[in-house]
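Listed below, chain by chain, are the residues.
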2 protein chains.
Amino acid sequence: MFRRHHFVAATALSASLLALSALADQGKPTPTTQELLAKSSAAEWRQPDPNNLLVMQLASGRVLIELAPDFTPLHAANIRTLIKQHYFDGLSIVRVQDNFVTQWDDPAGDDGGDPKKIRSLGHAKNTLPPEFTRPIDPKLPWTALPDGDVYAPEVGFSEGFPVARDPASGQEWLTHCYGMVGVGRDNGPETGNGSALYAVIGQAPRRLDRNLAVIGRVLEGMPLLSGLPRGAGPMGFYAKPEQRITIQSVRLAGDLPPAQRPSVEVLRTDSATFADLIETKRNRRDAFYAVPAGKVDLCGVDVPERAAKTAVPVKP
Amino acid sequence: MFRRHHFVAATALSASLLALSALADQGKPTPTTQELLAKSSAAEWRQPDPNNLLVMQLASGRVLIELAPDFTPLHAANIRTLIKQHYFDGLSIVRVQDNFVTQWDDPAGDDGGDPKKIRSLGHAKNTLPPEFTRPIDPKLPWTALPDGDVYAPEVGFSEGFPVARDPASGQEWLTHCYGMVGVGRDNGPETGNGSALYAVIGQAPRRLDRNLAVIGRVLEGMPLLSGLPRGAGPMGFYAKPEQRITIQSVRLAGDLPPAQRPSVEVLRTDSATFADLIETKRNRRDAFYAVPAGKVDLCGVDVPERAAKTAVPVKP
């Protein structure tokens, strides 16, 4: 019988002969991600600050995005200002370009839109300093990946996000991996303000790194952004307005009543379990795999998240 | 005004200061892919052999897949045998796993299927030698990429496909880039036969390289495979049979009447225009880009295809 679920099993993560921690039993197949996470401790998980957690409601469900204010603080603040004004409510997903990005914004501001109908940014700023990179902060946690990167001298994870670093310039930046969220802009580097956002839905377009402000990561709901019909217009814009997907609302989790606040936690990227997880990606040995890769690339590692038992309280 | 089409323009390719051919005018912005291709010569394009061109018809449109028989000849032959028997007609897309693969096969053979209803493979073989790698063939064209790779000692393009090489072992293999098509299998390396196929729809799962037979690439119609609702079942299988997408038919282009034969041509990956295209990916300078990447990764280069003026004749 052709049991295709075995191919399928190739998608789960397993552990490594090389893992540094408790995975040293060379006789056993590498554990799956599920098995690894089941053994993790509660302290290895963190709940995002509700003021960094965006809840985007679509008819199809909920998308959760975590802001990364240590990397793009001015953009995070401007996006919070927009959200508190309910700026995004009733705007749309306007563009889905295959193997690239899903973008949402005010269609009136796009090519072919009616400039007279452009929604006011209210108290939010219209332009911002670029924040495409930031000085390396040795105080931020850093989990290096050991296998190199085509684009940057060093790559790893910080505070749950994929990051590239250049020690020569002293700069670091969030990278355009699958599920990362960036800020659309005009030609001028300062013209992004967070009112037009995109999520990466294909092979990581790393050429965008250091050219756009990356503001966070989709924690939940990627299929609601990636599994959409591609736009037939230029660069994946929906050709007809009725094809756009309406954004019912975007709220900060911290502004929601406690009962509506999402309960989500993210595996700490400076935890032992995350280190084990990286090793299972690098070297997988089980009944299916003939040859372990021996390496893993930055965008090949997804940071696990899961439902938390209770929503985190909002700090006063 | 917030002209978001300028962000959008970041998706097109442009040329480089470093390009080896006619792109040496340092004052001008790098041309777009469209501009580069417009200047290409007819001889830089090839029409796939109709006996290597699969036409998969869905209700939503047509998917074209080019086989790579120089890399996986036994699998190509078995798939042709299946197609000539109309094996795939009425089977289904059964699985769409976010950031991973879309898979189509006989649902009766999957977990939870009815083994009594499994469709016969007819004259096709049930098992095949793995063909996960092949000896490096110096007679095949080879266009090396200059920026390295996390997973393999050498990467580049051969006959229109992304390829990795290991000179130490003397082996080369097709890589799991976006749009590449592979053969699902059971645990045994010989258990793949081409009756279950998958296309990569997310970040390249390069850990699968050398562990599965890669048989070709989607030339047209990727959005019909990638823009589907993700399956809610384990590993992205559709939980309910009615969610599956029916395959109306799969034919070899060479078996179609000339009037129905797709007219498509692919840019030769050993052409000067393709070399220029790689350079535009590596180093892009225009009004939008502040910092050219300086590098490109293997799966970051899509091989262009376009409609041909006439369908290629079938060789007798």
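Every chain begins its residue count from 1, and numbering advances along the sequence as written. Lettering of chains starts at A and numbering of ligands starts at 1, both following the order in which they are written. Local features in a predicted model are, by the rule used here, given only for residues with pLDDT of at least 70; side-chain atom pairs are given and counted only at 80 or more, and totals for whole chains, interfaces and linings are based on all residues.

**A look at the environment of P304 of chain B**
Residue and element names in this part refer to chain B. The test is simple: Numbering of helices and strands starts at the N terminus; helices are DSSP runs of H or I of at least 4 residues and strands are runs of E of at least 2. For the exposure call, what matters is how many other C-beta atoms sit within 10 Å of a residue's own: 20 or more marks it buried, 12 or fewer exposed, and in between partly exposed, using C-beta atoms placed from the backbone. Note on contacts: residues are paired as contacts if their backbone-placed C-beta atoms lie within 7 Å.
Mapped onto the elements of the fold, P304 is located in the loop between α5 (272–282) and β16 (305–307). For P304, a count of 21 C-beta atoms within 10 Å puts it in the buried group. The sequence separation of P304 and E190 amounts to 114 residues, and the corresponding C-alpha distance is 33 Å. Leave out the neighbours within four places in its chain, and P304 touches T33, L37 and L267.

**A look at α5 of chain B**
The α-helix winds at 3.6 residues per turn, so residues separated by three or four positions along the chain end up facing the same way. Residue and element names in this part refer to chain B. With nine of its eleven residues buried, α5 lies for the most part within the structure. When we look at burial in α5, the residues that qualify are T273, F274, D276, L277, I278, E279, T280, K281 and R282. Where α5 is buried, its residues meet α2 (33–38), β7 (143–144) and β15 (264–267).

**So, the interface of chain B and chain A**
Quick note on the threshold: All residues other than Ala, Val, Leu, Ile, Met, Phe, Trp, Tyr, Cys, Pro, Asp, Glu, Lys and Arg, Gly among them, are scored as polar; the first ten of these are nonpolar and the last four charged.
Contacts between chain B and chain A engage 61 residues on the former and 61 residues on the latter. Only α1 (5–9) and α4 (222–226) of chain B provide two or more residues apiece to the side of chain B that touches chain A. The element contributing the most residues to the side of chain B that touches chain A is α1 of chain B, with four residues. Within the side of chain B that touches chain A, the residues separate by chemical class into 27 nonpolar, 16 polar and 18 charged.

**Concerning the sheet that holds β15 of chain B**
All names here are of chain B. Definition in use: Two strands make a pair as long as DSSP finds a minimum of two bridges between them.
One open sheet holds the three strands; their spatial order is β1-β15-β16, and the pairing between them is antiparallel. Strand pairing shows two members of the sheet lacking a second neighbour, β1 (45–46) and β16, which therefore form its edges. Sheet analysis places β1 next to β15, joined by two bridges and oriented antiparallel. Of the residues in β15, the one forming a bridge with W45 is L267.

**What about the relation of the copies chain B and chain A?**
How we decide: A least-squares superposition brings the copies together, and it is based on the C-alpha atoms of residues with pLDDT no lower than 70 in both.
Under the fitted operation, chain B is carried onto chain A by 0.0 Å of movement along the axis and a turn of 180°, and the coordinates agree to an RMSD of 0.0 Å. Between the two chains, the operation in question is that of a two-fold axis. Counting the interface residues of chain B, we find that 100% of their copies in chain A are interface residues as well, pointing to one common contact surface.

**Some details on unusual backbone geometry**
Positive phi outside glycine occurs at H86 of chain A, with the angle close to 60°. By the element assignment, H86 of chain A lies in the loop between α3 (73–84) and β4 (92–96). Residue H86 of chain A is classed as exposed on the basis of its C-beta count, with 12 C-beta atoms lying within 10 Å. Of note, R210 of chain B is a non-glycine position whose phi angle comes to about 70°, a positive value. Structurally, R210 of chain B is set in the loop between β12 (197–200) and β13 (214–220).

**So, the pairing of strand β11 (residues 180–183) of chain A**
All names here are of chain A. Burial of the side chains of β11 extends over both faces: M180 and G182 are buried on one face and V181 and V183 on the other. Relative to strand β13 (residues 214–220), β11 runs antiparallel, the two being bridged by three bridges. Following the sheet pairing, G182 is matched in β13 by V214. Relative to strand β12 (residues 197–200), β11 is paired through three bridges, and the arrangement is antiparallel. Pairing of V183 across the sheet is with L197, part of β12.

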